[in-house]
Amino acid sequence: MSKSETRKPQAALPLNEILAGDCIDVMNRLPEASVDLIFADPPYNLQLRGDLHRPDNSKVDAVDDAWDQFGSFDHYDTFTRDWLAAAKRILKPNGAIWVIGSYHNVFRLGAELQNQGFWILNDVVWRKSNPMPNFRGKRLTNAHETLIWASKSEGAKYTFNYEALKALNEGIQMRSDWVLPICTGNERLKDDAGDKAHPTQKPESLLHRIILGTTNAGDVVLDPFFGTGTTGAVAKMLGRDFIGIEREEAYREAARKRIDKVRKFDREALEITGSKRAEPRVPFGQLVERGMLRPGEELYSIGNRFKAKVRADGTLVGNDVKGSIHQVGAHLEGAPSCNGWTYWHFKRDGKMVPIDLLRQQIRAEMN
């Protein structure tokens, strides 16, 4: 019997489902190397000691749920080790993970990520534009949380949509300090009694930035601490598949209702700004071969200061200088380099048209 005949078939991924149960057990049942991104918002182990009150003696709705309580740091570290090991097993080789925490747990998370061979790419400070004040007045106001972004291993490839995040930030390189509001208003889910459906619901803006920047359309995003489904809602909107794991029935029900109402953006809206280096390479000579530009046709520089003639081999000649579109442009301008695609133009119907337009037409065909 051949290996192909004895190999067990790999179970299908439960895409766009919310799975009930302990996240470690559930992840251990999923196929190995099957998801592209994990976003994890684990229990913070806040170690609250009694109720928290405002100056007017009203009680603060703090996180005192059973799922956030651990007997000791050792218990929490064991839990962290086990769920991260399960998460690493199901990540694809080029997959990545995001974890979020506060000062109570993020340092322990970071150490365990490194212990297990993950490679930390960035730590991101989420600075809350509307943080909850410090009512006791004995410490600084906790105005931020920390996210850690890590690849599966050192040297592993991972998705990073640099140009898309730059476009999201008005053309400026995205930094590692993000100023975003906490979840409030209509976005905050409420239960039948009008109380918060989940005490630590994350804002959609935070997940939008993470999923847009570090996944591609059609990727699978898994959230092992799904809560009320922010990860699933944003993934669905952005054309990604999701898998949620949540042990609390009330949270699962709230998440289902929420995600059912979400409409996926249309295909055109889901397109993002890509890296120019990732676009197919188009030699200038291909424009000549295809008759888009003819040998002997003249090209004109920006501002119409210089001109050069197209040659049959895809080079230019101008002012007795011969070479590529980049070399000739640089020589004429007396510059160390020149992007010939944006520098040179051709005339059509009396108008100046950049030759890059022809390159984009070819790229559109290739895609």
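Fair warning: this is a prediction, and the values are worked out from it, not measured in the lab.

K.L.:
Would you mind going over the overall build of the protein chain in detail, with residue names and values included?
P.N.:
Along its length, the protein chain carries 13 helices and 14 strands. Out of the 367 residues belonging to the protein chain, those deemed buried represent 44%. Looking at the protein chain as shown, the accessible area adds up to about 20500 Å², and 47% of this sits on carbon and sulfur atoms.

K.L.:
Could you give an account of the pattern of salt bridges, with specific residues and numbers?
P.N.:
Tallied over the entire structure, the rule returns 14 salt bridges. One salt bridge in this structure joins Arg 81 and Asp 82, with 3.2 Å as the shortest N-O distance. Classification of Arg 81 as partly exposed rests on a relative accessible area of 40%. The residue Arg 290 makes a salt bridge to Glu 365 at a minimum N-O spacing of 2.8 Å. In this pair, Arg 290 is assigned in the loop between α10 (284-289) and β9 (298-300) and Glu 365 in helix α13 (residues 356-366), connecting sequence segments 75 residues apart. Judged by its relative accessible area of 42%, Arg 290 is partly exposed.

K.L.:
Mind laying out the sheet that holds strand β2 (residues 35-40), listing which residues take part and the relevant values?
P.N.:
The sheet built from eight strands is open, its strands ordered β1-β8-β7-β2-β3-β5-β4-β6 with mixed pairing. The open sheet terminates on both sides in strands that have one partner only, identified here as β1 (17-20) and β6 (177-180). This sheet shows a mean twist of 20 degrees between the axes of neighbouring strands, independent of strand direction. When strand β3 (residues 91-101) meets strand β5 (residues 144-151), the two strands line up antiparallel, connected through six bridges. Counted as the bridge partner of Gly 101 is Thr 146 from β5. Contacts between helix α4 (residues 106-115) and the sheet are confined to β3, β4 (119-128) and β5, with β3 contributing the most and set at about 165 degrees to the helix.

K.L.:
Tell me what's going on with the packing of helix α6 (residues 204-214) against helix α7 (residues 230-237), and back it up with residues and numbers.
P.N.:
Remark: α6 packs on α7, axes separated minimally by 9 Å, with the N-to-C direction vectors making an angle of 55 degrees. For the element pair α6 / α7, the angle class is oblique. For the pair α6 and α7, the crossing hand works out as right-handed. Two secondary-structure elements touch here, α6 through Glu 204, Leu 207, His 208 and Ile 211 and α7 through Thr 230, Thr 231, Ala 233, Val 234, Ala 235 and Met 237. Residue composition of the contact of α6 with α7, grouped by class: six nonpolar, three polar and one charged.

K.L.:
Quick rundown of the side chain of Thr 146? Include the residues and the values.
P.N.:
In this structure, Thr 146 sits in strand β5. Excluding residues that lie within four positions of it along the chain, Thr 146 makes contacts with Val 99, Ile 100, Gly 101, Val 106, Asp 123 and Val 124.

K.L.:
Kindly report on the confidence of the model for the protein chain, identifying the contributing residues and their values.
P.N.:
This prediction gives the protein chain a mean pLDDT of 88; 89% of its residues lie at or above 70. Overall, residues 1-9 carries pLDDT values under 50, and its contacts beyond four positions in sequence, including any with other chains, amount to one contact. Under a pLDDT of 50 for its full length, residues 48-63 has, in the predicted model, 23 contacts with residues more than four places off or in other chains.

K.L.:
Go over the pairing of strand β8 (residues 241-246) with me, naming the residues and quoting the values.
P.N.:
A large share of β8 lies buried, amounting to five of its six residues. In the sheet, strand β7 (residues 220-223) pairs with β8 via four bridges, with the strands oriented parallel. Across the sheet, the residue bridging to Asp 223 is Gly 244, located in β8. Crossover connection from β7 via α7 to parallel β8: handedness right-handed.

Calculation rules
Residues numbered from 1 in each chain as written. Predicted model: local features only at pLDDT ≥ 70, side-chain atom pairs only at ≥ 80, totals over all residues. Heavy atoms only, no water. Helix = DSSP H or I, 4+ residues; strand = E, 2+ residues; numbered from the N terminus. Buried < 20%, exposed > 50% of the residue type's maximum accessible area, 1.4 Å probe, protein only. Areas by Shrake-Rupley, 256 points an atom, 1.4 Å probe, with all protein chains shown as cover. Salt bridge = Lys/Arg side-chain N within 4 Å of Asp/Glu carboxyl O. Pairing = 2+ DSSP bridges. Axes fitted to C-alpha atoms, helices over the stretch in contact; angles between N-to-C directions. Contact = heavy atoms within 4.5 Å. Parallel < 35°, antiparallel > 145°, perpendicular 65-115°, else oblique. Left-handed = near helix turned anticlockwise from the far one by under 90°. Nonpolar A, V, L, I, M, F, W, Y, C, P; charged D, E, K, R; others polar. pLDDT = per-residue confidence, 0-100. Right-handed = clockwise from strand over helix to strand, strands pointing away.

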